[in-house]
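So the chains spell out like this:
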Amino acid sequence: MGAETGRAIVIGMLRLQRGLAEPSIASLFDGARFAPPPLTEDERRRLAEGSLADAPPEVAGDAPAFVLPSLAELFGDALLPELRALGRRAPLDIRANTLKQDREAALAALADLSPEATPLSTLGLRIPLGEDGRGPALHVDPLFLEGGFEIQDEGSQIASLLAGARPGETIVDLCAGGGGKSLALAAITGNAARLIATDADPRRLAPIHERLRRSGAQVEVRTPRTGKARSDVLADLDGTVDRVLVDAPCTGTGTWRRNPDAKWRLRPGSLSGRIAEQAEVLDRAARLLRPGGTLVYVTCSLLPEENDAAVDGLLQRSGGTIGAAATDPAPVPGLSERVRRTARGIQMSPALTGTDGFYVATMTRKS
Ligand SMILES: C[S@@+](CC[C@H](N)C(=O)[O-])C[C@H]1O[C@@H](n2cnc3c(N)ncnc32)[C@H](O)[C@@H]1O
């Protein structure tokens, strides 16, 4: 809009992010009692003719300049379309809890919300947003209260499906947080795997207990003590685990469309902090694995430093004990044709897969 005033930013946001045409913006800026003054001639002209074609990428793509080289490394020529897709509103996705009913039954039970099956996840339903961009009050929906579904982005559902969890396995969800992926793994294995969930931060685990009760998922939660009483709650499992899921702490750059403010709070120091945590948690995961066991590394980041480079770091530190393995997109029909492949894993993104920017890589313990 040719200015950096609050008014110019709001008008630009309505045009670029909400996709409103000039007449719709003019109807909001009508000078009524609590409305801003009407659009000026210059503002109308800029809305009609303005273009970001010549703007630098951090302006055209609305992203902090310091991460652009990393994003360009991943996206190449698709950098701007991907940045713009990251600026658009995220859809509202839920995962049918197949411990209670299948997706078809959930679609029927929620028919009044007009859900559709998600394009890729075989477990997902997409709920249309209202004109104000808000979704319905899912947390009080009777089906939710009965555990019939969980609110989970399609990308997170896909990451859970790609984890390859099988009935009979011992599986550790090492960074379980509120339990989003633990619950999904329990449903995917039909409660027939031994699932253990933990997190370095006991407070992050708090919501999991209520979620387990509601969903019927069977997961053993191991809550660490903090401070002087701290001990390794997984020590008895070292060298025995079939599969470890590391849903790692990360910058969350793949979720900017959900948390637009996060991109402006990101600092170079927070990236280096996350990289150190990722190395620590990957080393811990590697020690848990039995020979032949599988490590699945997931982030919701688009930065190669947190993804392929983190995997490379573990492969090098392990001295050959941990080997790279392919991540098979087959459990998610249609994913193979759409997803971006990196040297070590696969990368989802809003423009390509229509999901948050999840990264998934697979490794195995050789000996
Ligand atoms: C991306 S979040 C996990 C989200 C969760 N898996 C879900 O699907 O809802 C990353 C988590 O890693 C935890 N974390 C960070 N460092 C860790 C470590 N060294 N060991 C275990 N968990 C760690 C954080 O406390 C945070 O809860």
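Conventions adopted
Residues numbered from 1 in each chain as written. Predicted model: local features only at pLDDT ≥ 70, side-chain atom pairs only at ≥ 80, totals over all residues. UniProt positions renumbered as here; feature names shortened; annotations may be inferred. Helix = DSSP H or I, 4+ residues; strand = E, 2+ residues; numbered from the N terminus. Contact = placed C-beta atoms within 7 Å. Near = placed C-beta within 6 Å. Nonpolar A, V, L, I, M, F, W, Y, C, P; charged D, E, K, R; others polar. Pairing = 2+ DSSP bridges. Core = buried A, V, L, I, M, F, W, Y, C linked by C-beta atoms within 7 Å. Buried ≥ 20, exposed ≤ 12 C-beta atoms within 10 Å, placed from the backbone.

Identification of the protein as Fmu (Sun) domain protein from Methylorubrum populi is taken from an unreviewed UniProt entry. Per UniProt, the comment on the protein under Sequence similarities (unreviewed entry) is "Belongs to the class I-like SAM-binding methyltransferase superfamily. RsmB/NOP family."

Participant: Can you explain the UniProt feature "active site" (unreviewed entry) in the protein? Please cite residues and give values.
Facilitator: Using the residue numbers shown here, the UniProt feature "active site" (unreviewed entry) corresponds to Cys 300. Mapped onto the elements of the fold, Cys 300 is located in the loop between strand 9 (289-299) and helix 15 (308-317). Apart from the residues within four sequence positions on either side, Cys 300 is in contact with Cys 250, Gly 252, Gly 254, Thr 255, Asp 356, Gly 357 and Phe 358.

Participant: Please give an account of the site of the ligand that cites residues and values.
Facilitator: Close to the ligand lie 17 residues, the nearest being Cys 175, Gly 177, Gly 180, Ala 200 and Asp 247. Sorting the residues of the shell around the ligand by element identifies helix 10 (180-188) and helix 14 (268-288) as the ones contributing at least two each. With 3 residues, the single largest contributor to the shell around the ligand is helix 14. For the shell around the ligand, the class distribution of residues is 6 nonpolar, 4 polar and 7 charged.

Participant: Pulling in residues and values, what's your account of the sheet that holds strand 4 (residues 149-151)?
Facilitator: Spatially, 4 strands are ordered 2-3-1-4 in an open sheet, and the strand pairing comes out antiparallel. Strand pairing shows two members of the sheet lacking a second neighbour, strand 2 (116-117) and strand 4, which therefore form its edges. As paired elements, strand 1 (residues 92-96) and strand 4 share 3 bridges and run antiparallel to each other. Note that in strand 4 the partner of Ala 96 across the bridge is Phe 149.

Participant: Kindly report on the nonpolar core, identifying the contributing residues and their values.
Facilitator: Formed by 59 residues in total, the largest nonpolar core has its most connected members in Val 244, Val 246, Leu 295, Tyr 297 and Val 298. When near neighbours in sequence (up to four residues on either side) are disregarded, Val 246 contacts Leu 174, Cys 175, Val 281, Leu 282, Ala 285, Leu 295, Val 296, Tyr 297 and Val 298. Judged by nonpolar contacts, the second largest core, of 7 residues, contains Leu 110, Leu 123, Leu 125 and Phe 149.

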